[in-house]
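A look at the structure
One letter stands for each residue in the lines below.
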Amino acid sequence: MKDSDIYALGKMTHSSAAMFDRRRKILDTALRMIEVDGMEGFNIRALAKKADVAQRTIYNAFDSKEKLIALALSHVFYEFCSRMTYDKSSDTLEGAVDRWLTAALGNTVNRNIPVAFTYLYFSPKLPPDVRALIVDIS
């Protein structure tokens, strides 16, 4: 994950290399937890324990659980998109269907990822910047 991605959500304008490494570790651990346990098994206390950081460190780095999840999921989404290739132009019906099918089939690989997107999308306390990111991705 690029540093600019980590800057995207949260107050991360002045950080050391060690802090960026800690944030990457937290994001990677969060993503693994979501992929394996789904949103039912995801909480900040368990994440802090698995990432070997304090809960306060997570909130200081990402502001909220929702921002952390959104950043982890956006990384998954953009990685997924970078690997997709299409034979037809998106300006045609065939091209649009091709893209829709590719995305739909990709969502069947790990059903916990689209469930996490849905969790965020319908979260009543989702900050506006995170909602904008989720809407952009969807």
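Residues numbered from 1 in each chain as written. Predicted model: local features only at pLDDT ≥ 70, side-chain atom pairs only at ≥ 80, totals over all residues. Heavy atoms only, no water.

1. Quick look at unusual backbone geometry
- A positive phi angle, near 60°, is found at Asp-52, a position not held by glycine.
- Counting through the fold element by element, Asp-52 comes out in the loop between helix 3 (44–51) and helix 4 (55–62).
- Take Asp-52: its relative accessible area is 64%, and that puts it in the exposed class.
- We note that Asp-63 has phi near 70°; this positive angle belongs to a residue other than glycine.
- The topology assignment puts Asp-63 in the loop between helix 4 and helix 5 (65–83).
- With a relative accessible area of 30%, Asp-63 lands in the partly exposed category. (Helix = DSSP H or I, 4+ residues; strand = E, 2+ residues; numbered from the N terminus. Buried < 20%, exposed > 50% of the residue type's maximum accessible area, 1.4 Å probe, protein only.)

2. With respect to helix 3
- Buried within helix 3 are the following residues: Ile-44, Leu-47, Ala-48 and Ala-51. Summarising the axial view, the buried residues of helix 3 lie within an arc of 100°, below the 170-degree limit, and thus occupy one face. Facing away from the buried side of helix 3 by more than 90 degrees, the exposed set consists of Arg-45, Lys-49 and Lys-50.
- Close packing links the buried residues of helix 3 with helix 2 (17–37), helix 4 and helix 5.
- Between the side-chain oxygen at the start of helix 3 and the backbone nitrogen of Arg-45 there is a gap of 3.1 Å, and the oxygen is on Asn-43. (Arc of directions from axis to C-beta. Contact = heavy atoms within 4.5 Å. Polar contact = N/O pair within 3.5 Å; in protein donor to acceptor, adjacent residues only side chain to side chain.)

3. A closer look at the confidence of the model for the protein
- On average, residues of the protein score 80 in pLDDT, and 83% of them are at 70 or above.
- Helix 1 (residues 3–8) is the least confidently modelled element of the protein, averaging 54 in pLDDT, while helix 3 averages 96, the highest of any element. (pLDDT = per-residue confidence, 0-100.)

4. Topic: the side chain of Ser-74
- Along the chain, Ser-74 turns up in helix 5.
- At a separation of 2.9 Å, a polar atom in the side chain of Ser-74 contacts the main-chain carbonyl oxygen of Leu-71.
- Filtering out sequence-adjacent residues up to four positions away, Ser-74 remains in contact with Leu-133 and Ile-137.

5. Some thoughts on the nonpolar core
- Ranked by internal contacts, the top residues of the largest apolar core, which has 33 residues, are Ile-26, Phe-42, Leu-47, Ile-58, Phe-62 and Leu-68.
- Where this core is concerned, the elements lending two or more residues are helix 2, helix 3, helix 4, helix 5, helix 7 (112–121) and helix 8 (128–137).
- Beyond its immediate sequence surroundings of up to four residues, Phe-42 is in contact with Ala-30, Met-33, Ile-34, Leu-47, Lys-65, Leu-68 and Ile-69. (Core = buried A, V, L, I, M, F, W, Y, C linked by side-chain atoms within 4.5 Å.)

6. Describing the packing of helix 5 against helix 8
- Where helix 5 contacts helix 8, the two axes come as close as 10 Å, and the packing angle between them is 25°. The pairing of helix 5 with helix 8 is recorded here as roughly parallel in orientation. Taken as a pair, helix 5 and helix 8 cross one another with a handedness that is left-handed. Contact with helix 5, carried on its side by Glu-66, Lys-67, Ala-70, Ser-74, Phe-77 and Tyr-78, involves Asp-129, Val-130, Leu-133, Ile-134, Asp-136 and Ile-137 of helix 8 and no other residues of that element.
- When its residues are assigned to classes, the contact of helix 5 with helix 8 shows seven nonpolar, one polar and four charged. (Axes fitted to C-alpha atoms, helices over the stretch in contact; angles between N-to-C directions. Parallel < 35°, antiparallel > 145°, perpendicular 65-115°, else oblique. Left-handed = near helix turned anticlockwise from the far one by under 90°. Nonpolar A, V, L, I, M, F, W, Y, C, P; charged D, E, K, R; others polar.)

7. A word on helix 7
- Looking only at helix 7, the buried set comprises Asn-112, Ile-113, Ala-116, Phe-117 and Leu-120. Along the axis of helix 7, the buried positions cluster into a sector of 145°, meaning they face one direction only.

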